[in-house]
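So you can see what is in the structure, the chains are spelled out below.
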Amino acid sequence: MARKISYQQAINEALAQEMRRDSTVFIIGEDVAGGAGAPGEQDAWGGVLGVTKGLYHQFPGRVLDAPLSEIGYVGAAVGAATQGLRPVCELMFVDFAGCCLDQILNQAAKFRYMFGGKAVTPLVMRTMVGAGLRAAAQHSQMLTSLWTHIPGLKVVCPSSPYDAKGLLIQAIRDNDPVIFCEHKLLYSMQGDVPEELYTVPFGEANYLRDGDDITLVTYGRMVHLAMEAANNLARQGIDCEVLDLRTTSPLDEDSILESVEKTGRLVVIDEANPRCSLATDISALVAQKAFAALKGPIEMVTAPHTPVPFSDALEDLYIPDAAKIEAAVRKVMDASRSAA
Amino acid sequence: MRQPGPIIGIIANPASGRDLRRLTANAGLYSSTDKASAIQRLLAAFGATGIAQVLLPTDMTGIAAAVLKASTGPMAREQRWPALQMLDLPLTQTVADTRLAARQMVEQGVAMIAVLGGDGTHKAVAAEAGDTPLLTLSTGTNNAFPELREATSAGLAGGLLASGQIPAAIGLRRNKRLLVRVPQQQLCEWALVEVAVSPQRFVGARALSRSEDLAEVFACFAEPHAIGLSAICGLWCPVSRQAEQGAWVRLDTSATQVLLAPLAPGLLQGCGVTASGPLQPGVAYPLSLRSGTLALDGEREIEFAEQDTPTITLDLHGPLSVDVEAVLAHAARHHLLVVPRDQRHTPATLR
Amino acid sequence: MSTQLSSEQLLHAYEVMRTIRAFEERLHVEFATGEIPGFVHLYAGEEASAAGVMAHLRDSDCIASNHRGHGHCIAKGVDVYGMMAEIYGKKTGVCGGKGGSMHIADLSKGMLGANGIVGAGAPLVAGSALAAKLKGRDDVSVVFFGDGASNEGAVFEAMNMASVMNLACIFVAENNGYAEATASKWSVACDHIADRAAGFGMPGVTIDGYDFFAVHEAAGAAVERARSGQGPSLIEVKLTRYYGHFEGDAQTYRAPDEVKNLRETRDCLLQFRNKTTRAGLLSAAQLDAIDGRVDDLIEDAVRRAKADPKPQPADLLSDVYVSYP
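In this text, all values refer to a predicted model and were calculated from it rather than measured experimentally.

### Quick look at the overall build of chain A
- The secondary structure content of chain A amounts to 11 helices and 14 strands.
- Compactness check: chain A gives a C-alpha radius of gyration of 20 Å against a globular reference of 20 Å for 340 residues, within 12% of the reference.
- Summarising its shape, the C-alpha atoms of chain A cover approximately 70 × 45 × 45 Å along the three principal directions.
- Residues classed as buried in chain A amount to 56% of the 340 residues present.
- In chain A, the share of contacts with a sequence separation of at least 24, taken over all contacts with a separation of at least 6, comes to 78%.

Dropping the structure here:
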């Protein structure tokens, strides 16, 4: 039975249901409950935007607030994961990656390989990504390519409440370290979400729209802007196929290539900065493996090579929008029509 | 530039207070900052009593550095602190540093050595001081030998005595000591408070704080209010610092009645005392154990086995120390600290 | 708590230390031939620390180590031949040849790994201690780090967290006086690493790391404290490393004859032998027998490691993940 709940509620539900099912799951992070040692309400916050609210009382002793010590508590989550527990740690903003990077990069991601296949590190690190809240440069990044680049990590970017719940449950059950990227602007998005436990597999892109003219590949919040652009373009007689990657690592290469083989045209949309991004990664993949199918050059729609600006006038220019996606599609269509 | 007049040496053990008793008892901290502060209080008191020069060894924990820095400030000038001469000796960060500093101070003819530390530190200084009196201040863990006293009043007493304003007969006290001899190891060591015999075979982490690790305690003196191994004697058969004998007790872990004694700060242990008696001076007492370790003033130092025959002898002619209470009582009776108002910041002079 | 050790325990302690010494001394010789790939960082001189602490630990207790981890691995019971093969980069190595000297691990023995990132082990053992707490077990976790790593934020964060969460962790700072080529006298502001403990709400002690019995006693007190739920502690063990930061380091930053003097006057194996034989607890013959056995063990490990095959090309791509995708 599905009903409409928000992306945020879907995440909360995934955590609650999985923690109920599996006693080895626990949560640790900064203010994931809130109120530790303070005289007022316990579970005062439930996460800075309330995503984990209510879990503290439902699961006594399993929702742990940590001091402001990313190396400390992310590292502790990694250590606990090697001991048969399933920690879900929270990096409040992905921008804080620098504070705990070693524990993810050199420890969690590498134990399996370095220890000759004998380690299992079933860690989930939930983190908030993305721009649009006027939170400025140090609280608005995507950093998807940072995690995707690292062998040993899995990287998940749900675009809807349905995907958020299913992918998070999959992430908790997965035996590898997973970086689970929640876009801040999607928390209030409503969507149909089944009440029961279910999983969404990794490495399988979601075809949101079938089309014959051009393939739009994207992930996260950009999925919705791509769909908006696709709908607008449809009225102009351009039929877009839209792929939501859902996980950037593992990447569903087969679906991307299959779609481009069909349409012959590609636009990649990525909210992150352009250098060494998912956009360039996918573009290179397609150029290498589906070159013959391409009818025209690949276009990328990304943020510029700048930090995220504060002023709304600038931030709105920073974030890719439907108009930019449409312009990119038209450019590819024009270039490929003249080449044909 | 050497000033005329008596010189006082100050030795503050930078290492005291970092041993196993931090883990096994509730022994507190006495940080380098606290030690530096105590020294500054000594200097203020020395300044008021006419001491013009102090010798201070350097150290790696910032004590001497903090004192040096303070000595250039307005308070030091106002209080007429004595001139500081640093003893720049090679530091090994072991007890050898304490002993070397004491030896150098004696060679330079200090009138007295102020010691900030526990029993172990005082023992190390006393081993080199000869008849140079010690001004004792407790900062270590086990403090039975040095009295718990504030540095300012100790400094006043020390300064008055060193500047010749107090007769030695009143101001100085001759302390007892225990001589530990292990001829087979060519060892002859002193203890200022007590020697404990332990069945623990090895020196290990040195500190002793459990009653099951004690077989016997020999004490020069044993005050009922003391903390440390001498407290066992102190609460069973106390002996004053002045008495011309010591005390010994023998312990047994199977005794049905135990004496509750504070063997370390915050650590009360039940000690099964089965025998006790006086320690006569000049008599070499053998041990009740054939093998084990000897703890001198709370720290295991000597391992002995079947082939060794250690003995403990009480010596009434141990180191000299300043009797702070007697000095200050004398100063009060004779108004030694009364000076003209306009000279109140000038050191008190000899009457 | 009695710290009296039985003859079996004394012999085992000696065997652990002797195995570490022989392993490291042999590596020093073999590394110079150029046959061993990469870097090795030798523990020779520090044996009393590993042996003294590990004497109190069970397989279910966890330890984490650093780049100078062979001693901790051996003392925790990791297979010596498997370690040697790993250092030689062979498929028979305890990590299949894919980790090397700095990443030797055996999770079945509670060894969370040597680590190429100094200080990284501290949060990891806060984690294994947290896991024990959540599981309701009294297992303890110990991290070994050096004087250099004692200045890493990871260590400070883990210490604070361990106190705040009352975790059964023990922080063992092996202060050998040198962080690579920089003296700890210069780099550690408070000079005694043990002094930092109070700032993190736990007791800290400084112990003579050349004396197995001193380490054993202090570690015993810390382990008992942790197991009984009284929280973490810091033990600073002062010792020396005989060899350089890495093999190939000429150690020109040390005083001439510094190592020679320490080997002759303070060596932990020598002290152990002298104390136990003088006390009549062990005989020279017993210790010599162990020496012989250990020499054979190391010789066998080296011989087999040299002869063993290297990993296959397919091993390059395996075990990045547990499941694909």
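### Topic: the overall build of chain C
- When you go through chain C residue by residue, the secondary structure sums to 13 helices and seven strands.
- Principal-axis analysis of the C-alpha atoms places the extent of chain C at approximately 60 × 50 × 40 Å.
- Out of the 325 residues in chain C, the part that is buried amounts to 58%.
- Of the contacts formed within chain C by residues at least 6 apart in sequence, a portion of 75% connects residues at least 24 apart.

### Details of helix α4 (residues 97–114) of chain A
- In the structure, α4 of chain A departs most strongly from a straight axis at Ile104 of chain A, where the bend amounts to approximately 35 degrees.
- Looking at the residues trailing α4 of chain A, positive phi occurs at Gly116 of chain A, about 65 degrees.

### Remarks on the sheet that holds strand β7 (residues 178–183) of chain A
All names here are of chain A.
- One open sheet holds the seven strands; their spatial order is β3-β2-β4-β5-β7-β6-β12, and the pairing between them is mixed. Edge positions in the sheet fall to β3 (63–65) and β12 (247–249), since each of these pairs with one other strand and no more. Strand-to-strand twist in this sheet, taken as the mean axis angle between neighbours without regard to direction, amounts to 20 degrees.
- When strand β5 (residues 124–129) meets β7, the two strands line up parallel, connected through six bridges. Bridging across to β7, Met128 finds its partner in Glu182.

### Some details on the UniProt feature "domain: Transketolase-like pyrimidine-binding" (unreviewed entry) in chain A
- Mapped onto this numbering, the UniProt entry annotates "domain: Transketolase-like pyrimidine-binding" (unreviewed entry) at residues 5–189 of chain A.
- Its end C-alpha atoms 8 Å apart, residues 5–189 of chain A is made of 36% helix and 18% strand.

### Section: the sheet that holds strand β11 (residues 246–251) of chain B
Residues and elements named next belong to chain B.
- What the six strands build is an open sheet, ordered β14-β11-β10-β9-β16-β17; its pairing is antiparallel. Every other strand in the sheet has two partners, leaving β14 (273–279) and β17 (299–304) as the edge strands with one partner each. Put simply, the sheet's adjacent strands are angled 20 degrees from each other on average, direction ignored.
- As judged from the four bridges shared by strand β9 (residues 194–198) and strand β10 (residues 216–219), these two strands associate in the antiparallel manner.

### Brief notes about the UniProt feature "domain: Dehydrogenase E1 component" (unreviewed entry) in chain C
- Under the present numbering, the feature "domain: Dehydrogenase E1 component" (unreviewed entry) in UniProt falls on residues 17–313 of chain C.
- Helix makes up 44% of residues 17–313 of chain C and strand 10%, with an end-to-end C-alpha separation of 37 Å.

### Thoughts on the interface of chain C and chain B
- If you look at the interface, chain C gives 27 residues, while chain B gives 20 residues.
- When residues of the side of chain C that touches chain B are traced back to their parent elements, those giving at least two are β6 (204–208), α9 (212–227) and α11 (268–278) of chain C.
- In terms of residue class, the side of chain C that touches chain B is built from 12 nonpolar, nine polar and six charged.

### A short note on the domain arrangement of chain A
Residue and element names in this part refer to chain A.
- Domain boundaries in chain A define domain 1 (2–194) and domain 2 (206–339).
- Here domain 1 and domain 2 have C-alpha centroids that lie 28 Å from each other.
- At the junction of the two partners, domain 1 supplies 26 residues and domain 2 supplies 23 residues.
- Of all elements in the fold, only α5 (144–148), β6 (154–156), α6 (161–173) and β7 reach the threshold of two or more residues within the side of domain 1 that touches domain 2.
- Taken together, the residues that form the side of domain 1 that touches domain 2 break down as 14 nonpolar, nine polar and three charged.

### Describing the confidence of the model for chain C
- Of the residues in chain C, 99% have a pLDDT of 70 or more, and the chain-wide mean is 95.
- At the level of chain-chain contacts, confidence expressed as ipTM amounts to 0.89, with global pTM at 0.90.

### With respect to the pairing of β11 of chain B
Residues and elements named next belong to chain B.
- Here β11 lies mainly inside the structure; five of its six residues are buried.
- Examined bridge by bridge, β10 and β11 share four bridges and lie antiparallel to one another. Looking at the pairing, Glu216 lines up with Arg250 of β11.
- As judged from the six bridges shared by β11 and β14, these two strands associate in the antiparallel manner. Residue pairing in the sheet places Ala247 in a bridge with Pro278 of β14.

### Structural notes on the pairing of β7 of chain A
Residues and elements named next belong to chain A.
- In terms of burial, β7 is a largely internal element, six of the six residues being buried.
- With burial as the criterion, each face of β7 is covered, one bearing Val178, Phe180 and Glu182 and the other bearing Ile179, Cys181 and His183.
- Taken together, the three bridges between β6 and β7 define a ladder with parallel strand orientation. Within the sheet, the bridge partner assigned to Lys154 lies in β7 and is Val178.
- Regarding topology, α6 serves as the crossover connection from β6 to the parallel β7, and that connection is right-handed.

### Details of the environment of Ala149 of chain C
- Tracing the backbone through its elements, the reader meets Ala149 of chain C in the loop between β2 (141–146) and α6 (153–164).
- For the pair Ala149 of chain C and Val188 of chain C, spaced 39 residues apart in sequence, the C-alpha separation works out to 10 Å.

### Overview of the packing of helix α5 (residues 95–107) of chain B against helix α6 (residues 119–129) of chain B
Residues and elements named next belong to chain B.
- For the pair α5 and α6, the least separation of the axes is 8 Å and the interaxial angle reads 40 degrees. In this structure, α5 crosses over α6, and the sense of that crossing is right-handed. Together, Val95, Thr98, Arg99, Ala102, Arg103 and Val106 of α5 and Thr121, Ala124, Val125, Ala127, Glu128 and Ala129 of α6 make up the contact between the two elements.
- Split into classes, the residues belonging to the contact of α5 with α6 amount to seven nonpolar, two polar and three charged.

### A few points about unusual backbone geometry
- With an omega dihedral of 0 degrees, the bond running from Ser249 of chain A to Pro250 of chain A counts as a cis peptide bond.
- Tracing the sequence through the fold places Pro250 of chain A in the loop between β12 and α8 (253–263).
- Backbone geometry places Arg246 of chain A, a non-glycine residue, at a positive phi of 65 degrees.
- Tracing the sequence through the fold places Arg246 of chain A in the loop between β11 (240–244) and β12.
- Judged by the 25 C-beta atoms lying within 10 Å of it, Arg246 of chain A is buried.
- Positive phi, normally seen in glycine, also occurs at Gln93 of chain B, with a value near 60 degrees.
- Structurally, Gln93 of chain B is set in the loop between β3 (83–87) and α5.

Calculation criteria
- Residues numbered from 1 in each chain as written.
- Chains lettered and ligands numbered in written order.
- Predicted model: local features only at pLDDT ≥ 70, side-chain atom pairs only at ≥ 80, totals over all residues.
- Helix = DSSP H or I, 4+ residues; strand = E, 2+ residues; numbered from the N terminus.
- Rg over C-alpha atoms; globule rule 2.2 N^0.38 Å.
- Buried ≥ 20, exposed ≤ 12 C-beta atoms within 10 Å, placed from the backbone.
- Contact = placed C-beta atoms within 7 Å.
- Bend = angle between axes of the 7 residues up to and from the residue.
- Pairing = 2+ DSSP bridges.
- Axes fitted to C-alpha atoms, helices over the stretch in contact; angles between N-to-C directions.
- UniProt positions renumbered as here; feature names shortened; annotations may be inferred.
- Nonpolar A, V, L, I, M, F, W, Y, C, P; charged D, E, K, R; others polar.
- Domains from an automatic or database assignment.
- pLDDT = per-residue confidence, 0-100.
- Right-handed = clockwise from strand over helix to strand, strands pointing away.
- Left-handed = near helix turned anticlockwise from the far one by under 90°.

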